[in-house]
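Below are the chains, spelled out letter by letter.
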Amino acid sequence: MTPFDFLPISDSSDGMRMLEGITVIDLTTSIAGPYATQLLADLGATVIKVEKQHGGDDARAWGPPFLHGESLWFLSVNRNKQSVTLDISCERGRAVLDQLIAGADVLVVNLGASAQERLGIGYARLAALNPALIHASLTGFGLLGARRDLPCYDLIAEGYSGVMDLTGEPENAPQKIGTPAADLLAGQDAAMAVLAALIERQRTGRGKRIDISMVRSMTRFMAPRIVPYLGAGEAVTRSGGRDSVIAIYQVFQAADLPLTLGLGNDVIWRRFWSAVGEPDYGNDPRFASNQQRREHRAEIVERIAAIIARRSRREWLELLGAQRIPAGPINRVDEVVQDPELLEEGLFYAARTAGGMVPQLGLGIGFDGKTQVHRSPPPALGEHTATVLQGRLGMSAEAVRALRNDGII
């Protein structure tokens, strides 16, 4: 038995077709780059994942936990792709890669500028080979500047951006976000930038050099905190489950379990107090604006906390939901994956692989009422090497066999 035995099974389907006909060569590893290319794959692009012959994508070794010998972190960001193993550090391997890139629309790479030049996969050289190529680099610090060749992971980018300093309770140490946020945000940025470049290419016929920095993406995520600081000089500090701008916007403890409550505007403020049977408090002129409520935050929080503590979370969510007051549970992961609405929408499912069933989390974006994106499960290392080289490059079985015998693939 596994925790996902209750999930519906999604066999390979047509998935999405918006990017059908677009070919992406994926030279990335870990999370950010593979997440970017999975987004493109989910939208219909053909993604050819080029990996090292021994070990492949670094994330394949990230575990435990493993399932059927595969890292579950790897399985989370690599569906709908084909895996090719290729040694691009040698001349014969680079020649094969050049052939793949010559017939591709997009290249995504997460190596720094120096490494790209050393391996012959920098923009200038490849643009000469394929002028229509969209060359997307996704690195920790970008392709320019003094830090361009420094290594980086999500943890490092979160620290640079300031988000860690603002995460956690004020009396505790800074905290990393509970998911690799910098990886995922930078991956989304890369996919978005590729889509924009594809649209421009329809007008110009020319490719583009895209430079995504995890630090820049994560820092932009901080805009609602950074811009107010720059504009007003107000100190920005950790506030835990409470927001320092909106009053009231935080966690409260019900009789049994905690819940979130967001009284984000004047109408919702008054609606809340009517819902709890104290409309006069909601109409008190001392609390007429968010600015005034911030000045009286301690008093208000104490009063709301006493009220919320009287009933169970379920009772409050039913009452507040009926009155259209923003509130919700604080779900554990095991509760999230059993959320009936998300299950009904098909966000969580199981997919068949050669090794057995694996869990997947879908795209979660609907197009004309359709959300299913699954075409194929995350590939085994090198699973499609022969298929790609013979089918896309027209190599003979003998040529593929020679490359394999010589350790190139």
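As the structure is a computational prediction, the values presented were derived from the model and not from experiment. (Residues numbered from 1 in each chain as written. Predicted model: local features only at pLDDT ≥ 70, side-chain atom pairs only at ≥ 80, totals over all residues. Heavy atoms only, no water.)

(A) Broad picture of the overall build of the chain. Helix and strand counts for the chain come out as 18 helices and 13 strands. Taking the principal axes of its C-alpha atoms as reference, the chain extends roughly 85 × 50 × 40 Å. Considering the chain as a whole, with its 409 residues, one finds that 44% of them fall into the buried category. Working note: accessible area of the chain is about 20,200 Å², and carbon and sulfur atoms make up 54% of it. Separation of charge centres in the chain, based on 42 positive and 47 negative side chains, amounts to 4 Å. (Helix = DSSP H or I, 4+ residues; strand = E, 2+ residues; numbered from the N terminus. Buried < 20%, exposed > 50% of the residue type's maximum accessible area, 1.4 Å probe, protein only. Areas by Shrake-Rupley, 256 points an atom, 1.4 Å probe, with all protein chains shown as cover. Lys, Arg positive; Asp, Glu negative; His and termini not counted. Charge placed at Lys NZ, Arg CZ, Asp CG, Glu CD.)

(B) Structural context of the pattern of salt bridges. Within this structure, the stated rule accounts for 24 salt bridges. Here lysine 49 and aspartate 57 are joined by a salt bridge, their closest N and O atoms 2.8 Å apart. Exposure remark for lysine 49: the relative accessible area of 0% places this residue in the buried category. In this structure, arginine 332 engages glutamate 335 in a salt bridge whose closest nitrogen and oxygen atoms are separated by 3.4 Å. (Salt bridge = Lys/Arg side-chain N within 4 Å of Asp/Glu carboxyl O.)

(C) The sheet that holds strand 10 (residues 258-262), seen in detail. Strand order in the open sheet formed by three strands is 9-10-11, and the pairing between neighbours is antiparallel. A single partner strand is all that each edge strand has here, and the edge strands are strand 9 (249-253) and strand 11 (327-329). In this sheet, adjacent strand axes meet at a mean angle of 25° when their direction is disregarded. The sheet contact formed by strand 10 and strand 11 spans three bridges and is antiparallel. When the sheet's bridge partners are listed, leucine 261 is paired in strand 11 with alanine 327. Those strands touched by helix 13 (residues 297-308) are strand 9 and strand 10, and its axis lies near 40° from that of strand 9. (Pairing = 2+ DSSP bridges. Axes fitted to C-alpha atoms, helices over the stretch in contact; angles between N-to-C directions. Contact = heavy atoms within 4.5 Å.)

(D) Region of interest: the nonpolar core. Val24, Val106, Leu138 and Val194 are the most contacted members of the largest nonpolar core, which has 43 residues in total. Broken down by secondary-structure element, the contributors of at least two residues to this core are helix 1 (32-42), strand 6 (106-109), strand 7 (134-139), helix 7 (181-204), strand 8 (208-213) and helix 8 (214-220). Among the elements that take part in this core, helix 7 stands out by supplying nine residues, more than any other. In this structure, valine 194 is in contact with Leu40, Val106, Ile134, Ala136 and Ile210, ignoring residues within four places of it in sequence. Formed by 27 residues, the second largest nonpolar core is a distinct cluster that contains Leu27, Val84, Leu97 and Leu107. (Core = buried A, V, L, I, M, F, W, Y, C linked by side-chain atoms within 4.5 Å.)

(E) Inspection of the environment of aspartate 57 at higher detail. Its location among the elements puts aspartate 57 in the loop between strand 2 (46-51) and strand 3 (66-67). Accessibility expressed as a relative area gives 3% for aspartate 57, which makes it buried. If we skip the residues at most four places from it in the chain, aspartate 57 touches Thr28, Thr29, Ser30, Pro34, Lys49, Glu51, Phe74 and Asn78. A polar contact of 2.8 Å, which involves the side chain of aspartate 57, links it to the side chain of threonine 29. In this structure the side chain of aspartate 57 is engaged in a polar contact, spanning 2.8 Å, whose partner is the backbone nitrogen of serine 30. (Polar contact = N/O pair within 3.5 Å; in protein donor to acceptor, adjacent residues only side chain to side chain.)

(F) Highlighting the packing of helix 1 against helix 7. Helix 7 packs onto helix 1 with a crossing angle of 45° between their chain directions and a minimal axis gap of 8 Å. Taken together, the axis directions place helix 1 and helix 7 in an arrangement best described as oblique. Helix 1 and helix 7 meet at a crossing whose hand is right-handed. From helix 1, Ala32, Tyr35, Ala36, Leu39 and Leu40 reach across to helix 7, where they touch Asp183, Leu184, Gly187, Gln188, Ala190, Ala191, Val194 and Leu195. Residue composition of the contact of helix 1 with helix 7, grouped by class: 10 nonpolar, two polar and one charged. (Parallel < 35°, antiparallel > 145°, perpendicular 65-115°, else oblique. Left-handed = near helix turned anticlockwise from the far one by under 90°. Nonpolar A, V, L, I, M, F, W, Y, C, P; charged D, E, K, R; others polar.)

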